[in-house]
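Chains, contacts and geometry: an overview
Below are the chains, spelled out letter by letter.
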Amino acid sequence: MTQTSQRPLRVLAAMSGGVDSAVAAARAAEAGHDVTGVHLALSANPQSFRTGARGCCTIEDSRDARRAADVIGIPFYVWDLAERFREDVVDDFVAEYEAGRTPNPCLRCNEKIKFAALLDKALALGFDAVCTGHYATVVAAEDGSRELHRASDMAKDQSYVLGVLDEKQLAHAMFPLGDTLTTKDEIRAEAERRGLAVAKKPDSHDICFIADGDTQGFLAQRLGRAEGDIVDESGARLGTHEGAYGFTIGQRKGLRIGHPAPDGKPRYVLDISPVSNTVTVGPAEALDVTALTAIKPRWCGAAPTGPGAYTAQLRAHGGETEVTAEMADGELKVSFATPVRGVAPGQAIVLYDGTRVVGSATIATTVRRTAVTA
């Protein structure tokens, strides 16, 4: 298996205004590709997104991206995808929380915006590939098909949020940072050597479209406050909340329960019922999940046939766990070799075969070692 061909390509480099995407664009240009930079305007009111250096969607970020493109010596454009972003990412985020699920907006943005809307437009304009600053690797198999693999440096690997890409999208994806063993400090040093002003810009964090980082407040503005009960596993009322959407499975802090558990141990969110607007809490061991079903699978190549042994990742910065998985009745059935905690409907599960990303699916239901009775 070899790296994807390095023949000169017409490349559209998605430039967020951060150091990673700037260095990725510079490397693509240095490799001899015909590179054009593009910044995605994802908000009708950019001031409502994160300010300073914490986001990837602000006016400041657009200017940083333009300055980087000027230094690299490539054409640069700003494309307005605000309406598509609102529909496919922001509205989806709110709807998922309203339904009691826990979405990953970055994964949805990669699927719907950067490698659907952006790639479709790029191909229509005659570009061969879209380049981003993600840490992942695309390799070409002997039959010419493309596979997505983890980055060479596992500490920076971002293949989890790219597990939604199909083979057609991978055929037009370029990740210049994914196959190099360089620390983030070395990436910043490279940016500085190249004269890129973003060399010392802090990384973005949290959710770009929540300006102050207050997810619960953001949801409350859109869904309204709705008082409900916090109960234990027996159904006994322990307290109240202002909206079940403000909680996630496995959450410990912010429960505001007036009295401790009988055993004195912390309690965690075990279940969220949007219909009854009830949040059920209990001990940590009640979070142990032994199996799950997932829907809407997307395969980074051919879909697997029959049951198989894989490793799985359940969150962007989580570790791997051994699983067996198979498709049955249109759903992905997964069993864990060892119980895992904090698994919530709405999250993505990404399957791996070694370093190869097999694909991803959205968690629909879980099986607990200890059933929640409330």
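Because the structure is predicted, anything quoted here is derived from the model rather than measured.

What follows covers the overall build of the protein chain. Within the protein chain one finds seven helices and 18 strands. For 374 residues, the compact-globule estimate of 2.2 N^0.38 gives 21 Å, and the C-alpha radius of gyration of the protein chain, at 22 Å, lies within 12% of that figure. Counting only C-alpha atoms, the protein chain reaches 65 × 50 × 35 Å along its principal axes. Considering only contacts in the protein chain between residues 6 or more positions apart, those separated by 24 or more positions represent 66%. Side-chain charges in the protein chain split into 41 positive and 49 negative, and the spacing between the mean points of these groups amounts to 3 Å.

Moving on to the nonpolar core. Of all hydrophobic cores here, the largest spans 47 residues; its most connected members are Phe85, Phe93, Leu148, Phe175 and Phe209. For this core, the elements supplying multiple residues, two or more each, are strand 2 (10–14), strand 3 (34–41), helix 3 (82–98), helix 4 (105–124), strand 6 (136–140), helix 7 (215–223) and strand 17 (348–353). Top element by residues in this core is helix 4. It accounts for eight residues. Both of domain 1 (2–200) and domain 3 (288–368) provide at least three residues apiece to this core. With 27 residues, the next largest nonpolar core counts Val19, Val23, Ala65 and Tyr135 among its residues.

In sheet architecture, strand pairing relies on hydrogen bonds along the backbone and comes in two forms, parallel and antiparallel. Ordered by their spatial adjacency, five strands build an open sheet running 4-3-2-5-8, and the pairing between neighbours is parallel. With one partner strand each, in any of the chains shown, strand 4 (76–80) and strand 8 (173–174) form the two edges of the open sheet.

All right, on to the UniProt feature "binding site: ATP" (unreviewed entry) in the protein chain then. On the UniProt side, "binding site: ATP" (unreviewed entry) is annotated at positions that read Ala14, Met15, Ser16, Gly17, Gly18, Val19, Asp20, Ser21, Leu40 and Gly133 here. Along the chain, Ala14 turns up in strand 2. The residues touching Ala14, leaving out its near neighbours within four places in the chain, are Ser21, Val38, Leu118, Cys131 and Thr132. Position of Gly17 relative to the elements: it lies in the loop between strand 2 and helix 1 (19–30). Taking relative accessible area as the criterion, Gly17 reaches 4% and is therefore assigned buried. Look past the residues within four positions of Gly17 in its chain and what remains in contact with it is His39, Asp61, Asp64, Ala65, Val198 and Lys201.

What follows concerns the packing of helix 3 against helix 7. Following both chains from N to C, one finds helix 3 and helix 7 inclined at 90 degrees, their axes separated by 11 Å at the closest point. It follows that helix 3 is roughly perpendicular to helix 7 by the angle criterion. Every residue of helix 7 that contacts helix 3 at Val90, Phe93, Val94, Tyr97 and Glu98 is listed here: Thr215, Phe218, Leu219, Arg222 and Leu223. Looking at side-chain class alone, the contact of helix 3 with helix 7 contains seven nonpolar, one polar and two charged residues.

Another aspect to go through is helix 7. Of all the positions in helix 7, only Gly217, Phe218, Leu219 and Ala220 are classed as buried. Close packing links the buried residues of helix 7 with helix 3. Once helix 7 ends, the next one or two residues include Gly224, with phi positive near 80 degrees.

Moving on: the sheet that holds strand 10 (residues 237–241). Reading across from one edge, 10-9-12-11 is the order of the four strands in this open sheet, with mixed pairing throughout. Each edge of the sheet is formed by a strand with only one pairing partner; in this case those strands are strand 10 and strand 11 (268–273). When the angles between neighbouring strand axes are averaged without regard to direction, this sheet yields 25 degrees. Where strand 11 lies against strand 12 (residues 278–282), five bridges are found, and the strand directions are antiparallel. Directly across from Ser273, in strand 12, lies its bridge partner Thr278.

Rules used in this analysis
Residue positions are given per chain, counted from 1 along the sequence in the order it is written. Two thresholds apply to this predicted model, a pLDDT of at least 70 for residue-level local features and 80 or more for giving and counting side-chain atom pairs, whereas whole-chain, interface and lining totals are computed over all residues. As a rule here, side-chain values come from all non-hydrogen atoms in the structure, and water together with hydrogens is ignored. A helix here means a DSSP run of H or I that spans at least four residues, while a strand means a run of E at least two residues long, and both kinds are numbered starting from the N terminus. This radius of gyration counts C-alpha atoms alone. The globule rule is 2.2 Å times how many residues there are, raised to the power 0.38. The criterion used for residue contact is that any of the two residues' heavy atoms lie within 4.5 Å. The positive count covers Lys and Arg only, the negative count covers Asp and Glu only, and His and the chain ends enter neither. Just so you know, the charge point we use is NZ for Lys, CZ for Arg, CG for Asp and CD for Glu. By nonpolar core is meant a set of buried Ala, Val, Leu, Ile, Met, Phe, Trp, Tyr and Cys residues that side-chain atoms within 4.5 Å join together. Throughout, exposure labels follow a simple rule: accessible area from a 1.4 Å probe, protein chains only, divided by the maximum for the residue type, with under 20% read as buried, over 50% as exposed, and the rest as partly exposed. Delimitation of the domains relies on an automatic or database domain assignment. Two strands pair under a simple rule: DSSP has to find at least two bridges between them. UniProt positions are given in the numbering used here, feature names are shortened, and annotations may be inferred rather than shown by experiment. For helices, the axis comes from a line fit to the C-alpha atoms of the stretch in contact; other axes are also lines fit to C-alpha atoms, and the angle between any two N-to-C directions lies between 0 and 180 degrees. Orientation labels follow simple angle bins: below 35 degrees gives roughly parallel, above 145 gives roughly antiparallel, 65 to 115 gives roughly perpendicular, and whatever is left gives oblique. Residue polarity follows a fixed list, in which Ala, Val, Leu, Ile, Met, Phe, Trp, Tyr, Cys and Pro are nonpolar, Asp, Glu, Lys and Arg are charged, and the others, Gly among them, are polar.

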